[in-house]
Amino acid sequence: MCYYSFLVEPISCHAWNKDRTQIAFCPNNHEVHIYKKDGNKWTKVHELKEHNGQVTGIDWAAESNRIVTCGTDRNAYVWTLKGDTWKPTLVILRINRAARCVKWSPKENKFAVGSGSRLISICYFEQDNDWWVCKHIKKPIRSTVLSLDWHPNNILLAAGSCDFKCRVFSAYIKEVEEKPAPTPWGSKMPFGEVMFESSGSAGWVHSVCFSGSGNRLVWVSHDSTVCITDANKKTEVACLITDCLPLLAATFITENSVVAAGHDCCPKLFVYDEKKGEVTFQGKLDVPKQSSQKGMTARERFKNLDKKATSETNDVTLETLHKNSISQISVLEGGKGKCAKFCTTGMDGGMAIWDIKSLESAMKDLKIV
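Here's what I pulled together on the structure shown here. Keep in mind that this is a model prediction, so the values were computed, not measured.

The antiparallel open sheet is built from four strands, whose spatial order is β2-β3-β4-β5. Bordering the open sheet on either side are β2 (13–16) and β5 (41–49), each of which pairs with just one other strand. Recorded for the sheet is a direction-independent mean angle of 25° between the axes of neighbouring strands. Note: β2 against strand β3 (residues 22–26), four bridges, orientation antiparallel. What sits directly across from Cys 13, in β3, is Cys 26.

Within the structure shown, the criterion is met by 13 salt bridges. Its salt-bridge partner being Glu 197, residue Arg 167 comes within 2.7 Å of it at the nearest N-O pair. Here Arg 167 is found in strand β16 (residues 166–170), whereas its partner Glu 197 is found in strand β17 (residues 194–197), with 30 residues between them in sequence. Arg 167 gets classed as buried once you look at its relative accessible area, which sits at 3%. Judged by relative accessible area, Glu 197 falls into the partly exposed class, the value being 38%.

With that settled, the discussion passes to the state of the cysteines. Per the counting criterion, the structure on display carries one disulfide. Two residues, Cys 227 and Cys 239, share a disulfide whose sulfurs are 2.2 Å apart. Given an S-S torsion of about 95°, the disulfide between Cys 227 and Cys 239 has right-handed geometry. A residue pair is termed long-range when its members are at least 10 positions apart, and Cys 227 in strand β20 (residues 225–230) and Cys 239 in strand β21 (residues 236–241) qualify at twelve residues. Here Cys 239 falls in the partly exposed class, since its relative accessible area comes to 38%.

Here we take up the environment of Lys 44. The residue Lys 44 is located in strand β5 in this model. Along the sequence, Lys 44 and Phe 6 sit 38 residues apart, while their C-alpha atoms lie 9.8 Å from each other. Other than its neighbours up to four places away in sequence, Lys 44 contacts His 33, Ile 34 and Tyr 35.

Now for the nonpolar core. Within the largest apolar cluster, 19 residues are counted, with the highest numbers of intra-cluster contacts made by Ile 253, Val 259, Leu 269, Leu 285, Ile 329, Phe 342 and Leu 366. Of all the secondary-structure elements, those providing two or more residues to this core are β23 (257–262), β24 (268–273), β26 (326–333), β28 (350–355) and α2 (356–362). The contact partners of Ile 253, leaving out residues within four places of it in the chain, are Val 259, Leu 269, Gly 335, Lys 336, Gly 337, Lys 338, Cys 339, Ile 356 and Ile 368.

All right, on to the side chain of His 322 then. Note on placement: His 322 falls in the loop between α1 (298–308) and β26. A distance of 3.2 Å separates polar atoms of two side chains, one belonging to His 322 and the other to Asp 348. Once residues lying within four places of it in the same chain are set aside, the contact partners of His 322 are Tyr 3, Cys 265, Asp 286, Thr 344, Thr 345, Gly 346, Asp 348, Gly 350, Met 351 and Ala 352.

Taken in spatial order, the four strands of this open sheet run β6-β7-β8-β9, and their pairing is antiparallel. The open sheet has two free edges, formed respectively by β6 (55–60) and β9 (85–91), since each of these has just one partner strand. When the angles between neighbouring strand axes are averaged without regard to direction, this sheet yields 25°. Both β6 and strand β7 (residues 66–71) contribute to a ladder of five bridges, which runs antiparallel. Bridging from a neighbouring strand, Trp 60 pairs with Ile 67 of β7.

Here we take up the pairing of strand β8 (residues 76–82). Looking at chain direction, β7 and β8 are connected through five bridges and run antiparallel. Across the sheet, the residue bridging to Ile 67 is Trp 79, located in β8. Bridge count for β8 against β9 is seven bridges, and the pairing is antiparallel. Bridge pairing in β9 links Ala 76 to Val 91.

Moving on, we come to the pairing of β23. Across the six residues that make up β23, a large majority, six, are buried. With burial as the criterion, each face of β23 is covered, one bearing Ser 257, Val 259 and Ala 261 and the other bearing Val 258, Ala 260 and Gly 262. As judged from the five bridges shared by strand β22 (residues 247–252) and β23, these two strands associate in the antiparallel manner. From the neighbouring strand, Ala 250 faces β23, where its bridge partner is Ala 260. Hairpin connection between β22 and β23: a loop of four residues separates the two successive antiparallel strands. Bridge count for β23 against β24 is four bridges, and the pairing is antiparallel. When the bridges of β24 are listed, Ser 257 appears paired with Val 271. Between the end of β23 and the start of β24, which pair antiparallel, lie five residues, with Cys 265 showing a positive phi angle near 70°.

In this section: the packing of aromatic side chains. Enumeration over the complete set of coordinates arrives at 17 aromatic pairs. Judged by centre distance (6.1 Å) and plane angle (50°), the ring pair of Tyr 77 and Trp 79 falls under tilted. Since its relative accessible area comes to 8%, Tyr 77 is described here as buried. Both rings, one in Phe 111 and one in Trp 132, keep their centres 5.3 Å apart while their planes meet at 50°; by these two values the pair is tilted. Of this pair, Phe 111 sits in strand β11 (residues 110–115) while Trp 132 sits in strand β13 (residues 131–137), placing them 21 residues apart in sequence. Taken as a pair, Phe 111 and Trp 132 share a single burial class, namely buried. Among the aromatic residues, ring-to-ring pairing joins Tyr 4, Phe 6, Trp 16, Phe 25, Tyr 35 and Trp 42 into one connected group. Taking the ring centre of Phe 191 as reference, the NZ or CZ of Lys 135 above it sits at 5.7 Å.

Scoring rules and cut-offs
- Residues numbered from 1 in each chain as written.
- Predicted model: local features only at pLDDT ≥ 70, side-chain atom pairs only at ≥ 80, totals over all residues.
- Heavy atoms only, no water.
- Pairing = 2+ DSSP bridges.
- Helix = DSSP H or I, 4+ residues; strand = E, 2+ residues; numbered from the N terminus.
- Axes fitted to C-alpha atoms, helices over the stretch in contact; angles between N-to-C directions.
- Salt bridge = Lys/Arg side-chain N within 4 Å of Asp/Glu carboxyl O.
- Buried < 20%, exposed > 50% of the residue type's maximum accessible area, 1.4 Å probe, protein only.
- Disulfide = S-S within 2.5 Å.
- Contact = heavy atoms within 4.5 Å.
- Core = buried A, V, L, I, M, F, W, Y, C linked by side-chain atoms within 4.5 Å.
- Polar contact = N/O pair within 3.5 Å; in protein donor to acceptor, adjacent residues only side chain to side chain.
- Phe/Tyr/Trp six-rings, centres within 6.5 Å; stacked < 30°, edge-to-face > 60°.
- Lys NZ or Arg CZ within 6 Å of the ring centre and 35° of its normal.

None of the figures reported here should be taken as evidence of function without further support.
Following this line, the structure appears as structure tokens:
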């Protein structure tokens, strides 16, 4: 486990480049900062300033090396590196509320933007006019779209929103791609078709994520539930009501294992049992350091009585690596099928890198399947 403290301000969103030597994040304002790894240090190399409102989403395309950002100014920008400077291209999203999240498709020929306008903008580049255009997925979304994730086939798109629903849509754009092959989620995939709609959770859906194969989908809600559905099992939904604070982010690290984190400030492991069709909590992945217990002097005891009206020392410092809520998780090495390392950023302005093998050796009962 490595922890890097970048800022005093919260990190609202982040994205990595292809070789994981650079990270782009928003320091809770209208800017995007890009840091480059220099030995054991991180050095700021770029500042992207084009948005007028807070940046709410960032994604970095691995192959084409383009960054897409969206914000509360209702705009999205595609940034291209020309020489040593990042040049922005405005994308007209045709929305009248804030953009909340953005994701490149796996083939990087389009991206999706979720917004408070109760719709998803699917943006693609039109060669004839040399600009980015978008199509809207509107029905049956009834509230703000908070999270997005693409299926590996580049067609299906999962979306979590404030109407307590997780849905899978077809985002097939006939102008830029061939007709899609059938999947376990369905065979007919015209643009905007609803392939799956959840039920069971009673909270805003903060995060959605497809598994490496694309056959499973996990989502976490504000009612502290973790839900997984399997397309091969007629989209049966397995829900676990946890006793923790609401989770804000989740990702698959194997086909059966999910790491989720949120207001409890530490990542947690959940496992899906295919035979039983249920989700179980396996444990916290943050191993706290043993704090040395020391006795109190008479002076300290009287000082506490005077200040706090108690003689006991209640240490309120968090033992977790992150000292505030974790807002985003991203896979660093190995992909969603067999993750070796993952990264978390949070409201404490820090970033933590977690090694799966180190976690397994540090925690005896932990088994990642």
